[in-house]
Amino acid sequence: LSTGERLDNPRHLRRHAEHLARLQQRLARQCKGSNRRAVTKDRIARLHARIADCRREHLHRLTTRLIRDNQTICLEDLNTRGMSASARGTRSCPGRRVRQKAGLNRSLLDAAFGEFVRQLAYKAEWYGRTLVQVGRFYPSSKTCSGCGAEHDRDENAARNIEREGLRLLEHP
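What counts, and where the lines are drawn
- Residues numbered from 1 in each chain as written.
- Predicted model: local features only at pLDDT ≥ 70, side-chain atom pairs only at ≥ 80, totals over all residues.
- Heavy atoms only, no water.
- Core = buried A, V, L, I, M, F, W, Y, C linked by side-chain atoms within 4.5 Å.
- Buried < 20%, exposed > 50% of the residue type's maximum accessible area, 1.4 Å probe, protein only.
- Helix = DSSP H or I, 4+ residues; strand = E, 2+ residues; numbered from the N terminus.
- Contact = heavy atoms within 4.5 Å.
- Polar contact = N/O pair within 3.5 Å; in protein donor to acceptor, adjacent residues only side chain to side chain.
- Expected span 1.5 Å × (residues − 1).
- Arc of directions from axis to C-beta.

Draft legend 1. Focus on the nonpolar core. Among the nonpolar cores identified, the biggest contains 10 residues, and these are Leu59, Leu62, Leu66, Ile67, Ile73, Leu75, Ala112, Phe116, Leu120 and Ala124. Among the secondary structure elements, those contributing two or more residues to this core are helix H3 (35–69), strand S1 (72–76) and helix H6 (113–127). For this core, the leading source of residues is H3, giving four residues. Among all residues touching Leu62, those that are not within four sequence positions of it are Leu7 and Phe116. With seven residues, the next largest nonpolar core counts Leu20, Leu27, Ile44 and Leu47 among its residues.

Draft legend 2. Local environment of the side chain of Asn105. Inspection of the secondary structure assignment puts Asn105 in helix H5 (residues 98–111). On the basis of relative accessible area, Asn105 is assigned to the buried category, the value being 11%. A polar contact is formed between the side chain of Asn105 and the backbone oxygen of Ala85, at a distance of 3.3 Å.

Draft legend 3. Quick look at H6. The end-to-end C-alpha distance of H6, which contains 15 residues, comes to 21 Å, matching closely the 21 Å that a straight helix rising 1.5 Å per residue would cover. All buried positions along H6 are accounted for by Phe116, Gln119, Leu120, Lys123 and Ala124. With its buried residues spanning 130° around the axis, H6 presents them on a single face. In this fold, the buried residues of H6 make contact with H3, S1 and strand S2 (130–134). In the stretch just after H6, Gly128 is the one whose phi turns positive, near 75°.

And the structure:
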């Protein structure tokens, strides 16, 4: 946040990854069409639902707190689809560091930025708050918010996004 507060990502999927991998491995070994396989598929679906519920609950708590504490919220319009694109490449031009990119994509999607923005938007409307989205090409992390000062890159970007959002609010 522009106040310097850091919001942590609880990484819900990573917390349940071992259990999920064990269930999926068990599913892969079972005979197709068997009753045990159907039970294992149900258990996997329940685990995925539990992960989604945990993620949604965390986002609801976070967005409600942000909306109640602030009159105006400025955030960057991130291209999550582009950020989570595959690094596989093509046959003629294969991708590099595909496994690392796959892990990054999993983390990005687990953070659920799109759901976060969606919840902020409707809650801002409910509570009568202002939500401003700064364009994705605004150089928020490249511009210094306080010339000559040493600062954290994310905090600097948050301050710049806040400044740009308030400017857009005054002069659309």
